[in-house]
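Chain residues, written in single-letter form:
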Amino acid sequence: VVEAQHDVTSISGAVTFETVAALLAELMPKVSKAQSAMIIDMSQVDLVNSAALSLVASLVRHAKRQGKQLSFENVPARLIALSQVCGVEEILALK
């Protein structure tokens, strides 16, 4: 589930192989429409797997192409751990 308030967008529920395509389809236009920067709040995400890492990487790449800054807040510990194992935590700037 995606909710937007100003340039902060919240994701809730599961970010898994089953949900990531729909989330990506919903979030890409929001990134494109953001003024210059956007924050994605993940505090309400309760389940992630490696598909979440793909979602984050795709959104970061899309934001860079659009000339926008994108950051993530309240990232689940499991997603941070996955990014560290893959060696991409600095690239994705997860916090």
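So, here is what we can say about the structure in this document. Nothing here was measured: the structure is a model prediction, and the numbers come from that model.

What counts, and at which threshold
- Residues numbered from 1 in each chain as written.
- Predicted model: local features only at pLDDT ≥ 70, side-chain atom pairs only at ≥ 80, totals over all residues.
- Heavy atoms only, no water.
- Helix = DSSP H or I, 4+ residues; strand = E, 2+ residues; numbered from the N terminus.
- Buried < 20%, exposed > 50% of the residue type's maximum accessible area, 1.4 Å probe, protein only.
- Contact = heavy atoms within 4.5 Å.
- Expected span 1.5 Å × (residues − 1).
- 1 Å grid on protein atoms, 1.4 Å probe; cavity = no way out; pocket = protein on both sides within 12 Å on 5 of 7 lines; lining within 4 Å.
- Points joined across faces, edges and corners; volume = space filled by probe spheres on them.
- Nonpolar A, V, L, I, M, F, W, Y, C, P; charged D, E, K, R; others polar.

### Regarding the environment of Asp46
Then comes step 1: Within the secondary structure, Asp46 sits in strand 3 (residues 37-48).
Then comes step 2: Among the residues examined, Asp46 registers a relative accessible area of 64% and is labelled exposed.
Then comes step 3: Taking the C-alpha atoms as reference points, Asp46 and Thr16, separated by 30 residues in sequence, lie 10 Å from one another.
Then comes step 4: Excluding residues that lie within four positions of it along the chain, Asp46 makes contacts with Gly13 and Ala14.

### Description of helix 1 (residues 20-33)
Then comes step 1: For helix 1, with 14 residues, the first-to-last C-alpha span of 20 Å sits near the 20 Å given by 1.5 Å per residue.
Then comes step 2: Where helix 1 is concerned, the buried positions are Val20, Leu23, Leu27 and Val31.

### Structural notes on the layout of surface pockets
Then comes step 1: Its boundaries defined by the atoms lining it, the largest pocket holds a volume of some 180 Å³.
Then comes step 2: What lines the largest pocket is a set of 13 residues, and nearest its centre among them are Lys64, Lys68, Gln69, Leu70 and Ser71.
Then comes step 3: Breaking the lining of the largest pocket down by element, the ones donating at least two residues are strand 3, helix 2 (50-66), strand 4 (69-73) and helix 4 (89-92).
Then comes step 4: Partitioned by chemical class, the residues of the lining of the largest pocket number 9 nonpolar, 2 polar and 2 charged.

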